[in-house]
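# What the coordinates show
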Amino acid sequence: MKELKHLNKYFYKYRYRLIIGVIITIVAKIFALFTPRLVGASINIVSERLDGEITQQVFKSELLTYISFLVGAAIMAGLFTFLMRQTIINVSRYIEYDLKNEIYQHYQVLSLNFYKSNRTGDLMNRISEDVSKVRMYVGPAIMYTINTITLFAVALIYMVSAAPKLTLYTLIPLPILSISIYKLSRLINTRSTIVQESLSTLSTYTQETFSGISVIKSYGIEARTNTEFEGLCSENRQKQIDLTKVQALFFPLMILLIGLSNLIVIYVGGIQYMNGEIESIGTIAEFIIYVNMLTWPVATVGWVTSLVQQAEASQKRINEFLKTEPDIKNVAPQETPIIGDIEFKNVSFVYPDTNIEALKDVSFKIKSGKTLAILGKTGSGKSTILDLIGRLYDIDKGEILVDATSISKLNLNSLRESIGYVPQDAFLFSDTIKNNIKFGKENATDDEVIEAAKNAKVHKNIVGFSKGYDTILGERGITLSGGQKQRVSIARAIIKKPDILLFDDCLSAVDTETEEKILNNLEKLTKDKTTIIVSHRVSSAKNADAIIVLDDGKVIQTGNHETLVTTEGYYKDLYTKQLSEKELR
Ligand SMILES: Nc1ncnc2c1ncn2[C@@H]1O[C@H](COP(=O)(O)OP(=O)(O)OP(=O)(O)O)[C@@H](O)[C@H]1O
């Protein structure tokens, strides 16, 4: 129960509703327990009339009274049972909602490293499956426990006062029932987990094949994927059948044990009645109802125990993540205004998960309002520089300064808000184009959206769609071409009018003519902003105020277009190669 202590703050938050729920549960059970007594009394009246002890008139009026009470008690029990669910189960839903939000908000502050070391499926499971299991503890488990305790307490008082010896005999099979249900529930849970795992493998496989459907079709491997899917499906079917087998035992086991208890009541009760140990025949009827009323709560003791165990395990998994501290800490609570001077001083960086040394002793400086281009072979560390400016990772050696202050000392929000970042793989949400652009500035007007799209040279494409800016993009924006996606992504960054703009090879899928037009627009827009353009093309770099060339994490060339085209090295070679390619076209 150690892990479940985390929920105490929520129990406290909803304490009044919970207390009312507990009172309602107790009242509901007290009303429910009137039934056996009233049935017993009604049968006694019948017996007394048969023995001629009371007149027909007394018999009629008493029976009618009992029946009215029976109906009244049933209605009240029903009403309070309804209210019981409305309070306790509702509280469990409130807590489920709070817990989900708590986990989600915590996920948001965790660093990229956390996301790399944990699988997406695992993150999703903890916020959905695990929270649902915890809810079962908060709601049903607590409700059934109060239910069982109240029923037992009240019923036992009634039963012992009516027939103590018979009570003892009646209760004998109940612990057996409870233990068997507990064992069965554990078996059901183990098998359900296996089924869940197989379902998640199946859905991951299906999702991947749908996302990569164009690759599957172009390679003509539909038949192979069909066979693999069938294999996974048949595995899943077998696991489901195994689960159904144990689930199917649940009710027969209960019926068997209820039957056994009924037999004991009739047999022992009958003998006791004949021996005169029990005064009235109605007591036997009363006990039969008690047995039936107590069976389900007793069964739930086993079930609830396994629910609590599962909830404990789930909460443990949730707590593991909630206790994870973000690697990147904000040490400056005050907002820091950013101008945009950037300096790297002997920066080295090793990716913690792969141990790849992506940057080695990198130094460069860029003044606010200037443009820096970074070129270099693939894997040379260009994107890493951009990630480090946004403090997605903290560095091991050296210093990164923004406005002459180490970025680790700047307010993290201010730093990130001052950056407009266009990633290498443009990620668009399944939403309208307009909202995808507005993502950069939530309160942007339509005119601002259009202006940003015009500057990113994508406006004409957008108005070409029948729904224009309201065109919904499919999953990952599949209705747009690669170049269109990149340009929408650029519009999203420039609408924000940030002080620092980072473009990560984001014109690679755009033809050189459009690239030139976009760069011209950007030149105007970024006049007073710090701009870093990562590219493989000289055309994107040639107008930059400064250019650095990276190779294997090291800066191997620094200068501007004019100086670098006249110096032997990577830049000049690239320039010559790309110039001849252009001439060939
Ligand atoms: N998130 C990451 N985790 C671990 N290693 C990484 C990560 N990102 C990049 N690397 C490694 O760091 C090195 C530099 O990668 P980076 O993405 O900065 O290169 P790049 O110059 O931008 O390459 P490209 O031109 O192909 O985009 C590579 O060896 C890469 O494998």
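Each value, and the rule that gives it
- Residues numbered from 1 in each chain as written.
- Predicted model: local features only at pLDDT ≥ 70, side-chain atom pairs only at ≥ 80, totals over all residues.
- Helix = DSSP H or I, 4+ residues; strand = E, 2+ residues; numbered from the N terminus.
- Rg over C-alpha atoms; globule rule 2.2 N^0.38 Å.
- Buried ≥ 20, exposed ≤ 12 C-beta atoms within 10 Å, placed from the backbone.
- Contact = placed C-beta atoms within 7 Å.
- Pairing = 2+ DSSP bridges.
- Near = placed C-beta within 6 Å.
- Nonpolar A, V, L, I, M, F, W, Y, C, P; charged D, E, K, R; others polar.
- Core = buried A, V, L, I, M, F, W, Y, C linked by C-beta atoms within 7 Å.
- Domains from an automatic or database assignment.
- Axes fitted to C-alpha atoms, helices over the stretch in contact; angles between N-to-C directions.
- Expected span 1.5 Å × (residues − 1).
- UniProt positions renumbered as here; feature names shortened; annotations may be inferred.
- Parallel < 35°, antiparallel > 145°, perpendicular 65-115°, else oblique.
- Left-handed = near helix turned anticlockwise from the far one by under 90°.
- pLDDT = per-residue confidence, 0-100.

## Observations regarding the overall build of the chain
When you go through the chain residue by residue, the secondary structure sums to 22 helices and ten strands. Rg of the C-alpha trace for the chain: 36 Å, well past the compact-globule value of 25 Å for 585 residues, more than 25% over. Scored against the burial criterion, the 585 residues of the chain give a buried share of 32%. Summarising the internal contacts of the chain: among those between residues at least 6 apart in sequence, 79% fall at separations of at least 24.

## Notes on the sheet that holds strand 5 (residues 405-406)
Reading across from one edge, 2-1-4-5 is the order of the four strands in this open sheet, with antiparallel pairing throughout. In this open sheet, the two edge strands, each paired with only one partner strand, are strand 2 (357-366) and strand 5. Bridge count for strand 1 (residues 342-350) against strand 4 (residues 397-402) is five bridges, and the pairing is antiparallel. Within strand 4, the residue paired with phenylalanine 344 across the bridge is isoleucine 400.

## What to know about the site of the ligand
The immediate surroundings of the ligand are formed by 15 residues, with Tyr351, Thr378, Lys382, Ser383 and Thr384 found nearest. No other element matches helix 13 (residues 382-389), which puts three residues into the shell around the ligand. When grouped by side-chain class, the residues that make up the shell around the ligand number three nonpolar, nine polar and three charged.

## Side note on the nonpolar core
The biggest cluster of nonpolar side chains holds 70 residues, and the ones touching the most others in it are Ile374, Ala491, Leu502 and Ile547. Sequence-distant contacts of isoleucine 374, that is, excluding residues within four places in its chain, are made with Lys382, Ile385, Ile532, Val534, Ile548 and Leu550. Of all hydrophobic cores here, the second largest spans 49 residues; its members include Ala162, Leu177, Ile288 and Leu294.

## Section: the domain arrangement of the chain
Entries for the chain in the domain assignment read domain 1 (3-322) and domain 2 (342-584). Inter-centroid distance (C-alpha atoms) of domain 1 to domain 2 is 57 Å. Contacts between the two partners involve four residues from domain 1, matched on the other side by four residues from domain 2. Broken down by class, the residue content of the side of domain 1 that touches domain 2 amounts to one nonpolar, two polar and one charged.

## A short note on the sheet that holds strand 9 (residues 546-551)
Ordered in space as 6-7-8-3-9-10, the six strands form an open sheet in which the pairing is mixed. Of all the strands in the sheet, just strand 6 (419-422) and strand 10 (554-559) have a single pairing partner and so form its edges. Across this sheet, the average inter-strand angle for adjacent strands is 15°, counted without regard to direction. Relative to strand 9, strand 3 (residues 371-376) runs parallel, the two being bridged by five bridges. Note on strand 9: the bridge partner recorded for alanine 373 is isoleucine 547.

## Some details on the pairing of strand 9
The buried fraction of strand 9 is high, at five of six residues. Sheet topology note: the strand 9/strand 10 ladder contains five bridges and is antiparallel. From the neighbouring strand, valine 549 faces strand 10, where its bridge partner is glutamine 557. From the end of strand 9 to the start of strand 10, which pair antiparallel, there are two residues, and aspartate 552 there has a positive phi angle of about 50°.

## Remarks on helix 3 (residues 34-50)
The end-to-end C-alpha distance of helix 3 is 24 Å, a good match for the 24 Å that 17 residues give at a rise of 1.5 Å each. At its buried positions, helix 3 is contacted by helix 4 (56-109) and helix 12 (282-322). Positive backbone phi, approximately 75°, marks glycine 52, located one or two places after helix 3.

## Observations concerning the UniProt feature "transmembrane region" (unreviewed entry) in the chain
The sites that carry the UniProt feature "transmembrane region" (unreviewed entry) are, in the present numbering, residues 20-43, 63-83, 141-160, 166-184, 246-267 and 287-308. Helix makes up 100% of residues 287-308 and strand 0%, and the two end C-alpha atoms of the span are 31 Å apart.

## Thoughts on the packing of helix 8 (residues 164-171) against helix 11 (residues 222-274)
Between helix 8 and helix 11, whose axes approach to 9 Å, the crossing angle comes to 155°. Looking at the two axes, helix 8 sits roughly antiparallel to helix 11. Note on packing geometry: the crossing formed by helix 8 with helix 11 is right-handed. Here helix 8 contributes Lys165, Leu166, Tyr169 and Thr170 to the contact with helix 11, which in turn contributes Ser261, Ile264, Val265, Val268, Gly269 and Gln272.

## Here's the deal with the environment of leucine 522
With respect to the secondary-structure elements, leucine 522 resides in helix 19 (residues 512-525). Residues leucine 522 and lysine 316, 206 residues apart in the sequence, show an inter-C-alpha distance of 50 Å.

## Digging into the environment of phenylalanine 210
Mapped onto the elements, phenylalanine 210 comes out in helix 9 (residues 173-211). Residues phenylalanine 210 and asparagine 236, 26 residues apart in the sequence, show an inter-C-alpha distance of 20 Å.

## Observations concerning unusual backbone geometry
Even without being a glycine, asparagine 355 presents a positive backbone phi close to 60°. By the secondary structure assignment, asparagine 355 is in the loop between strand 1 and strand 2. Asparagine 355 gets classed as exposed once you count the C-beta atoms within 10 Å, which come to 7. In the Ramachandran plot, lysine 497 falls in the positive-phi region, its phi being about 45° despite a non-glycine side chain.

## Notes on the confidence of the model for the chain
Low pLDDT means the predicted coordinates in that region are not meant to be read closely. Residue-level pLDDT values for the chain average 88, and 98% of them are 70 or greater. When mean pLDDT is compared element by element in the chain, strand 1 scores highest at 95, while helix 22 (residues 570-584) scores lowest at 77. Reported for the predicted complex are a pTM of 0.77 and an ipTM of 0.95.

## As for the environment of glutamine 315
Here glutamine 315 lies in helix 12. A count of 24 C-beta atoms within 10 Å places glutamine 315 in the buried class. Each C-alpha atom of the pair glutamine 315 and leucine 7 lies 8.9 Å from the other, and the pair is 308 residues apart in sequence. Setting aside residues up to four positions removed in sequence, glutamine 315 forms contacts with Glu3, Leu4, His6 and Val134.

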